[in-house]
Number of protein chains: 4
Amino acid sequence: MLFEKDSFSGGVPEVHVGPVRFGGKKLVLIAGPCTVESREQMLELACAAKEAGADLLRGGAYKPRTSPLSFQGLEEKGLELLAEAREKTGLPFVTEVLDTTQLETVAAYADMLQIGSRNMCNTVLLRKAGGCGKPVFLKRGMCSTVEEFLLAAEYVLREGCRNLVLCERGIRTFETGTRFTLDLNAIPLLKKRTWLPVLADPSHGTGVSDLVAPMARASVAAGADGIMVELHANPKKALCDGSQCETPESFFEMVRSLRAVAEAVCRTL
Amino acid sequence: MLFEKDSFSGGVPEVHVGPVRFGGKKLVLIAGPCTVESREQMLELACAAKEAGADLLRGGAYKPRTSPLSFQGLEEKGLELLAEAREKTGLPFVTEVLDTTQLETVAAYADMLQIGSRNMCNTVLLRKAGGCGKPVFLKRGMCSTVEEFLLAAEYVLREGCRNLVLCERGIRTFETGTRFTLDLNAIPLLKKRTWLPVLADPSHGTGVSDLVAPMARASVAAGADGIMVELHANPKKALCDGSQCETPESFFEMVRSLRAVAEAVCRTL
Amino acid sequence: MLFEKDSFSGGVPEVHVGPVRFGGKKLVLIAGPCTVESREQMLELACAAKEAGADLLRGGAYKPRTSPLSFQGLEEKGLELLAEAREKTGLPFVTEVLDTTQLETVAAYADMLQIGSRNMCNTVLLRKAGGCGKPVFLKRGMCSTVEEFLLAAEYVLREGCRNLVLCERGIRTFETGTRFTLDLNAIPLLKKRTWLPVLADPSHGTGVSDLVAPMARASVAAGADGIMVELHANPKKALCDGSQCETPESFFEMVRSLRAVAEAVCRTL
Amino acid sequence: MLFEKDSFSGGVPEVHVGPVRFGGKKLVLIAGPCTVESREQMLELACAAKEAGADLLRGGAYKPRTSPLSFQGLEEKGLELLAEAREKTGLPFVTEVLDTTQLETVAAYADMLQIGSRNMCNTVLLRKAGGCGKPVFLKRGMCSTVEEFLLAAEYVLREGCRNLVLCERGIRTFETGTRFTLDLNAIPLLKKRTWLPVLADPSHGTGVSDLVAPMARASVAAGADGIMVELHANPKKALCDGSQCETPESFFEMVRSLRAVAEAVCRTL
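Here the structure is a predicted model, which is why all the values come from computation and not from measurement.

> Teacher, can you tell me more about the side chain of Glu37 of chain D here?
Residues and elements named next belong to chain D. Relative to the elements of secondary structure, Glu37 occurs in the loop between strand S3 (28–32) and helix H1 (39–52). We note that Glu37 is buried and unpaired, the nearest opposite charge coming from Arg65 at a distance of 8.4 Å. There is a polar contact of 3.2 Å between the side chain of Glu37 and the side chain of His232. Contacts of Glu37, omitting those with residues within four sequence positions, involve Leu74, His232, Ala238, Leu239 and Cys240.

Quick look at the structure:
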């Protein structure tokens, strides 16, 4: 399998998104709003992310909501705002693509395509994304085993994509004290089996803002190659998932504490 | 919500696929191979299904396989064989659509579009399928709650589709003695909350052929409006999921036993 | 292993509790309150159970409650009331034993000792109960596999007990629409592997009173050798688990519908 | 509730086992064999644990095995060997008690009583252990929520015990790449709700020896007050759970890396 460490005779590929290298000594920090809500919100959070040391921006333009009555995202308008934020901060951005028919549009704006947890088993999307020439950010399905996660990655790799990053984002369990159970065991398990970089998303993984910073630190200590975090200037007013967001202030604080843990495991941030 | 019983002032819609009525006194039986493998296989099983009393045929032309190295289906050739089987038996067929770009092709052949477990959260596909004019067969996500299942159905209903059928097909649990845990609790729970017909798929739901017949009987006793079963003439040689298939002979036997249970709960088969 | 069908050269043992045979053509019905609350309640429900056709009474005297602030049962006084109910109705009773130090007391009153879900892995209790000479009713652990359930049974069998009955009572999953997920797949899976009788408890297994009757019917159709059900004259006032109780009236109705399903699968009730 | 931070007007209790303080700035390290197998093994590992910096020894004398055919522990002989190891190293030890009838014997030898995952809901044992005057080490049930874990702790606290320590040890999920899913989210969640110290057991929590060190580091980064680890001189020959053991050499290495992470989160080791 292409995801395996010994499948490249000349050494495993380096994974890049523009100037940002994933999987090296330096950890990668991705931050931004769950959902792009407005120009003002997006630019404010992008600047805060940049200032705190983020390497990439994130933000949802097309949202896979459980209910059809929930806000479904600003769509192409959201992509434009993400592009404006990139211009302002110099940071590339990753955003989710929900369907193959959106692929061309999203790829025209984004630096990296996210395939979300709900689409990890969408083999048609995995293939088309893998063949479109853009870096891909693949999140673990919320009920997928690590083995299935690697096989989903294989779908992307077989289409030629090498700039592929995996992300643990929480699985479904019986526990009700958190929204999902961020499964950090998956990080060393994945690192053992694959050369692909592995990030963690403690915002979605826990769904509880008080848990984001400690679980981000734990992710780094477990060997993650970076962290994806959701920001919101005013979490209580977020249109989506406010309860799991960091404010720019708490994010700044979190990054400082992450740096110390990174150094303890011989990484930098 | 449109899935609720009291959302239609003039009475809830009747659900039909051609002449087949779902949700009435008579249970609906859907049978056929997991995957369309060849003309000979498809026609043989279609005739066996018909003879045993099936109301619809099933068969996969586009398959959502965990590994990219597994057989992915005959694609449009598979749809042609399903259409030929329909012509030969007079039975309409349901087949899975994996992606919005396949929708037009699949809809050109099929009588009913299946949205599989791995796509239950694919809101773009739910919407496009709901708006294409064809009946939809929606399977429960393997890690989706009953509430989320109903909200996925709502995506389909809001696009105008009324010929929508739900199907419980097994959830992920810690149990390793079965492939999935067919969750029959979902059947009375769904019937309590929605007017939509509810079927059960004991083949995928258990992944163990010895369990298919007793769990089919249990599904009917729990209130299911019908059963979807996988057949294979020679399960050991199946290209996909052979361990959970019925042979035509065991299927015939199973239908006989289902009929008795159906009558015990005032239904017919 | 002693739980296996071929481990007894002279044919597998018959399982009895007094005059009641488990695992034969006739299904066994166990009914009674979750918790013994008072003399009046116990006697009223025992008579209702008897009238509806129950073969054994159930009722908790020692209760394994999640919180130390919850009612923990009437203890020995509860056992006395159960014995009085037995005298009045002629029905034997099963009641839970929580700890080896209670074993002698409980065994002095009860016809059958229940080892509950929370104690299925309590190997010391399994052994002592298996060696005390009384029939044992062993419930599946709420996070135990079928394989582990059989090995727990083996602990009991190895101490000499042959009057052992297994009971599926619901497992922990991510689903929140029910309290537990009654796993009916376990019934045919157990029946395939063991000669031990297998009952189902749809009251605890679902935690939703509207689901008890359909899941009881489904259990019988799946091959269960009987059903354990909770009754309460006034479920809203129950000291424990009222939301999953049947009233004597609904129980009477349920038994009637169970009888039809039993006949459909060549059993009687 | 007594587990809550504001339930003690004079400040929350300090938790001690002899000279070892739990929940302070200094992390607590508990190490030793899963099962006490022989005098030689116990003393060798106890010395290795001591040398690497362990604060307490662990070792199972009474083992809760899934199968009655598996080795069940050396019982009182095991306790004697643990006492000898204590004498030799000066380190106190914790060992599991499976049943109330063993309590007196185990308490006569042990410095701290472990109530294991399979007994977390054993309310009789929780109470008796809480009232016997010894410190208690309570492991989370493998299918218990954090809320239920706290209520189990409450049973112990209400009997007067204040030297109580909680331990996350992995939950049951669908993932098959690890034996259990060590749920580190539980650590910050518990620390938020209770004054009780919280440790993590990455050996049982993962069941994979390669994952023990990264998950131990992650536990500390998540805020754990210490770590419990299993050692074995020759894991391949262990009588129980060898696949999850550290050798004395790998343990020594692990402690060094833990120290760096501890300092990064302002703790010591």
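> It is not clear to me how the pattern of salt bridges should be interpreted in this structure. Could you clarify?
Pairing is possible between side chains that carry opposite charge, provided their charged atoms lie close to one another. Under the definition given, this model contains 64 salt bridges over all chains. Between Arg39 of chain B and Glu84 of chain B there is a salt bridge, with its nearest N and O atoms 2.4 Å apart. Of the two residues, Arg39 of chain B sits in helix H1 (residues 39–52) while Glu84 of chain B sits in helix H2 (residues 76–89), which places them 45 residues apart along the sequence. A salt bridge links Arg140 of chain B to Glu175 of chain C; the nearest nitrogen and oxygen atoms lie 2.8 Å apart.

> Even after reading the chapter, I still don't get the relation of the copies chain D and chain A, so can you show me in this structure?
In this arrangement, two copies of a chain are superimposed by a rotation about an axis accompanied by a shift along the axis. By a simple turn and slide, chain D fits onto chain A: the slide is 0.0 Å along the axis, the RMSD is 0.0 Å, and the turn is 180°. In short, the pair behaves as if placed about a two-fold rotation axis. Residue Ala218 of chain D, judged by its C-alpha, is the member of chain D lying nearest the rotation axis, at 2.1 Å. Comparing interface residues between copies, 100% of those in chain D also lie at the interface in chain A; the contact surface is shared.

> How should the interface of chain D and chain A be read in this particular structure?
When the parts of a complex come together, some accessible area is lost, and that lost area is often used as the size of the interface. Tallying the contact residues gives 37 residues for chain D and 37 residues for chain A. Both faces considered, chain D and chain A share a buried interface measuring about 2,600 Å² in area, 70% of it formed by carbon and sulfur atoms. On the chain D side of the contact with chain A, Phe174, Glu175 and Asn185 of chain D bury the most area, a combined 23% of that side's loss. Counting every contact that joins chain D to chain A gives four salt bridges. On the surface where chain D and chain A come into contact, there are eight residue pairs in polar contact (both at pLDDT 80 or more). For the side of chain D that touches chain A, the element with the most residues is helix H8 (residues 209–222) of chain D, which contributes eight residues.

> I keep staring at the relation of the copies chain D and chain C and nothing clicks. Help me out?
Once chain D is rotated about the relating axis by 180° and shifted along it by 0.0 Å, it coincides with chain C to within an RMSD of 0.0 Å. Taken together, the interface assignments show that 100% of the residues at the interface of chain D recur at the interface of chain C, consistent with an identical surface on both copies.

> Whenever I open this one, the interface of chain D and chain C confuses me. Can you help?
If you look at the interface, chain D gives 32 residues, while chain C gives 32 residues. Counting the contacts that link chain D with chain C gives two salt bridges. In this structure, the salt-bridge partner of Glu148 of chain D is Arg172 of chain C, at a minimum N-O distance of 2.6 Å. In this assembly, chain D and chain C are joined by 14 residue pairs in polar contact (both at pLDDT 80 or more). Contributions of two or more residues to the side of chain D that touches chain C are made by helix H4 (123–130) and helix H5 (146–157) of chain D. Of the residues contributing to the side of chain D that touches chain C, the split by class is 12 nonpolar, 11 polar and nine charged.

> I keep staring at unusual backbone geometry and nothing clicks. Help me out?
A positive phi angle, close to 55°, is found at Glu75 of chain C, a residue other than glycine. Assignment of secondary structure puts Glu75 of chain C in the loop between strand S4 (56–58) and helix H2 (76–89). In the Ramachandran plot, Cys266 of chain D falls in the positive-phi region, its phi being about 65° despite a non-glycine side chain. Within the fold, Cys266 of chain D resides in the segment after helix H9 (248–264).

> In this structure, what is going on with the packing of aromatic side chains? I would like to understand it.
The description of an aromatic ring pair uses the distance of the two centres, along with the angle that the planes make with each other. Residues and elements named next belong to chain B. On inspection of all chains with the given rule, the structure shows four aromatic pairs over all chains. Note on Phe8 and Trp195: the rings are 5.3 Å apart at their centroids and 85° apart in plane angle, and the pair reads as edge-to-face. Of this pair, Phe8 sits in the segment before strand S1 (15–17) while Trp195 is found in the loop between helix H6 (186–193) and strand S9 (198–200), placing the two residues 187 residues apart along the sequence. The exposure class of Phe8 is buried, given its relative accessible area of 18%.

> What is the right way to look at helix H5 (residues 146–157) of chain A in this model?
An α-helix turns once every 3.6 residues. As a result, residues three or four positions apart point the same way. Residues and elements named next belong to chain A. The end-to-end C-alpha distance of H5 is 16 Å, a good match for the 16 Å that 12 residues give at a rise of 1.5 Å each. Most of H5 is tucked away, with 11 of its 12 residues classed as buried. Val146, Glu148, Phe149, Leu150, Leu151, Ala152, Ala153, Glu154, Tyr155, Val156 and Leu157 are the residues of H5 that are buried. Considering only its buried residues, H5 is in contact with helix H4 (123–130), strand S7 (136–139), strand S8 (164–168) and helix H6 (186–193).

> Looking at this structure, how should I read the pairing of strand S7 (residues 136–139) of chain B?
Side-chain positions along a regular strand alternate between the two faces of the sheet. Residue and element names in this part refer to chain B. Of the two faces of S7, the one holding Val136 and Leu138 and the one holding Phe137 and Lys139 are both buried throughout. As paired strands, strand S6 (residues 112–115) and S7 are joined by three bridges and run parallel to one another. What sits directly across from Leu113, in S7, is Val136. One crossover worth recording links S6 to the parallel S7 by way of helix H4 (residues 123–130), and it is right-handed. Relative to strand S8 (residues 164–168), S7 is paired through four bridges, and the arrangement is parallel. In the strand pairing of S8, Leu138 is matched with Leu166. One crossover worth recording links S7 to the parallel S8 by way of helix H5 (residues 146–157), and it is right-handed.

> Looking at this model, I keep getting lost on the environment of Leu57 of chain C. Mind explaining?
Residue and element names in this part refer to chain C. Summarising the element assignment, Leu57 is placed in strand S4. Residue Leu57 is classed as buried on the basis of its relative accessible area of 0%. Put simply, Leu57 and Cys143 are 86 residues apart on the chain and 27 Å apart in space, counted from C-alpha to C-alpha. The residues contacting Leu57, other than those within four sequence positions of it, are Ile30, Ala31, Ala46, Ala49, Ala85, Arg86, Thr89, Leu91, Pro92, Phe93 and Val94.

> Please explain the side chain of Asp111 of chain C as it appears in this structure.
All names here are of chain C. Mapped onto the fold, Asp111 is located in the loop between helix H3 (103–109) and strand S6 (112–115). Engagement of the side chain of Asp111 in a polar contact is seen with the side chain of Arg86, the distance being 2.8 Å. A polar contact of 2.7 Å, which involves the side chain of Asp111, links it to the backbone nitrogen of Phe93. The contacts of Asp111, once residues within four sequence positions are left out, are Val17, Arg86, Pro92, Phe93, Lys134 and Pro135.

> Got a minute to help me understand the pairing of strand S6 (residues 112–115) of chain A in this structure?
Residue and element names in this part refer to chain A. Of the two faces of S6, both are covered, the one formed by Met112 and Gln114 as well as the one formed by Leu113 and Ile115. Across three bridges, the pairing between strand S5 (residues 93–96) and S6 is parallel. Considered in S6, the bridge of Val94 is made with Met112. Between the parallel pair S5 and S6, the chain is carried across by helix H3 (residues 103–109), and the sense of this crossover is right-handed.

Cut-offs and rules
- Residues numbered from 1 in each chain as written.
- Chains lettered and ligands numbered in written order.
- Predicted model: local features only at pLDDT ≥ 70, side-chain atom pairs only at ≥ 80, totals over all residues.
- Heavy atoms only, no water.
- Helix = DSSP H or I, 4+ residues; strand = E, 2+ residues; numbered from the N terminus.
- Buried < 20%, exposed > 50% of the residue type's maximum accessible area, 1.4 Å probe, protein only.
- Lys, Arg positive; Asp, Glu negative; His and termini not counted.
- Salt bridge = Lys/Arg side-chain N within 4 Å of Asp/Glu carboxyl O.
- Polar contact = N/O pair within 3.5 Å; in protein donor to acceptor, adjacent residues only side chain to side chain.
- Contact = heavy atoms within 4.5 Å.
- Least-squares fit on C-alpha atoms with pLDDT ≥ 70 in both.
- Buried area = accessible area lost by both parts, 1.4 Å probe.
- Nonpolar A, V, L, I, M, F, W, Y, C, P; charged D, E, K, R; others polar.
- Phe/Tyr/Trp six-rings, centres within 6.5 Å; stacked < 30°, edge-to-face > 60°.
- Expected span 1.5 Å × (residues − 1).
- Pairing = 2+ DSSP bridges.
- Right-handed = clockwise from strand over helix to strand, strands pointing away.

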